[in-house]
Amino acid sequence: MQHILETQQFDREALNSLFQVATSLEGKRTKDLDGKIMASLFFAPSTRTRLSFESAMYRLGGHVISMENASESSSSTKGETIEDTIRIVDNYADVIVLRHPEVGMLARAAAVSEVSVINGGDGIGQHPTQAFLDLYTIFREIGRTDDFHIAFVGNLAYYRAARSLAYLLGKYNNVKMTFVSGPELAMKDDVKEYLKERGVQFTETDDLVGAMREADVVYQTRIAEEWIPDHDQYEKLRGKYVIDRALVDQMKEGSILIHPLPRAGEITPEVDDSPHAVYFKQAEYGVLVRMALLKLLLG
Ligand code: CP
């Protein structure tokens, strides 16, 4: 039994195995997880993470029990603790995918769970399976996981998936990072300290155009209103790093634009048919990566 809580837990070898299995599952429906049950407990909204995990489970012949709006529909509304909820769901499922708005809840759940707990996003903490699929997208689309330049753009302070990927890339060789954001949304010190310890080269700038011209991978983020308490500040920040067609056309040949999605105006729709835009394919790869993860955990 292994919990999936944060990307620092994983090494390159584990990711290589995950990616090999993911690729081998492309276009497949199997019975590998026949009889296994996945519980998806989502205490915060989701489209991609919950549905791609559930689709992955069904594609492997497994079964799903689901609470899509657990903050309102579960017995947490009656005061049940996360520990008690998990102890109960343990009896019903072989693996639990949990999303929670509060940092720390995943660790509390994992501490009492007898089945694997997968972090489906915990507040502004981490979203490790999103980072796995982001890296898989990079691997599939530019053909390597070492020796590239990635520009993270926009909301780096409150974007758990970007934090997870930055941590994960700290394990790879010669990955240069540029963090494009204003001071209000700058990457937090925990990530920067980790990268410094590992000798990873990173710079901070507000020059979006320059970063987009140079990067092999541009990672756009949503300015997440739910994490920015001051509405006026949110309104001020959300228009700052919009990527439109004129901007994306300046990216170098072979480079890619990724985004975990959902987007809320930070990539304009006319970018979608640019050869650089791979964010919808990225969401598609999410099913493969989550199939591979479930197969390795439960198979
Ligand atoms: N990328 C992502 O986590 O999307 P959802 O919030 O829709 O799951």
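Residues numbered from 1 in each chain as written. Predicted model: local features only at pLDDT ≥ 70, side-chain atom pairs only at ≥ 80, totals over all residues. Heavy atoms only, no water.

(A) Up close: the site of the ligand. Close to the ligand lie Ser46, Thr47, Arg48, Thr49, Arg99, His127, Gln130, Pro260 and Leu261, which account for all nearby residues. A distance of 2.6 Å is found between an oxygen atom of the ligand and a side-chain nitrogen or oxygen belonging to serine 46. One of the side-chain nitrogen or oxygen atoms of threonine 49 is found 2.7 Å away from an oxygen atom of the ligand. The protein chains hide 90% of the 250 Å² of surface that the ligand would expose on its own. Among the residues making up the shell around the ligand, the classes are represented as two nonpolar, five polar and two charged. Two domains each donate at least three residues to the shell around the ligand, and these are domain 1 (7–127 + 286–298) and domain 2 (128–283). (Near = heavy atom within 4 Å. Polar contact = N/O pair within 3.5 Å; in protein donor to acceptor, adjacent residues only side chain to side chain. Areas by Shrake-Rupley, 256 points an atom, 1.4 Å probe, with all protein chains shown as cover. Nonpolar A, V, L, I, M, F, W, Y, C, P; charged D, E, K, R; others polar. Domains from an automatic or database assignment.)

(B) Structural view of the domain arrangement of the chain. Segmenting the chain into domains produces domain 1 (7–127 + 286–298) and domain 2 (128–283). Measuring from the centre of the C-alpha atoms in domain 1 to the corresponding centre in domain 2 gives 25 Å. Listed by partner, the interface residues are 30 residues for domain 1 and 28 residues for domain 2. Both faces combined, the contact of domain 1 with domain 2 buries some 2,700 Å², and carbon together with sulfur accounts for 61% of it. When the area that domain 1 buries against domain 2 is broken down by residue, the three leading residues are Arg12, Ile124 and His127, summing to 26%. Taken together, the links from domain 1 to domain 2 amount to two salt bridges. In this structure, the salt-bridge partner of aspartate 146 is arginine 12, at a minimum N-O distance of 2.7 Å. The interface formed by domain 1 and domain 2 includes 17 residue pairs in polar contact (both at pLDDT 80 or more). Residues of the side of domain 1 that touches domain 2, tallied by class, amount to 13 nonpolar, 10 polar and seven charged. (Contact = heavy atoms within 4.5 Å. Buried area = accessible area lost by both parts, 1.4 Å probe. Salt bridge = Lys/Arg side-chain N within 4 Å of Asp/Glu carboxyl O.)

(C) Fine view of a nonpolar patch on the surface. On the surface, Ile65, Ile88 and Tyr92 cluster together into a nonpolar patch covering about 270 Å² of accessible area. Of note, tyrosine 92 is situated in the loop between helix H4 (82–89) and strand E3 (95–100). A relative accessible area of 47% means that tyrosine 92 is categorised as partly exposed. (Patch = residues over 30% accessible without salt bridge, like charges linked within 9 Å, V, L, I, M, F, W, Y side chains within 5 Å. Helix = DSSP H or I, 4+ residues; strand = E, 2+ residues; numbered from the N terminus. Buried < 20%, exposed > 50% of the residue type's maximum accessible area, 1.4 Å probe, protein only.)

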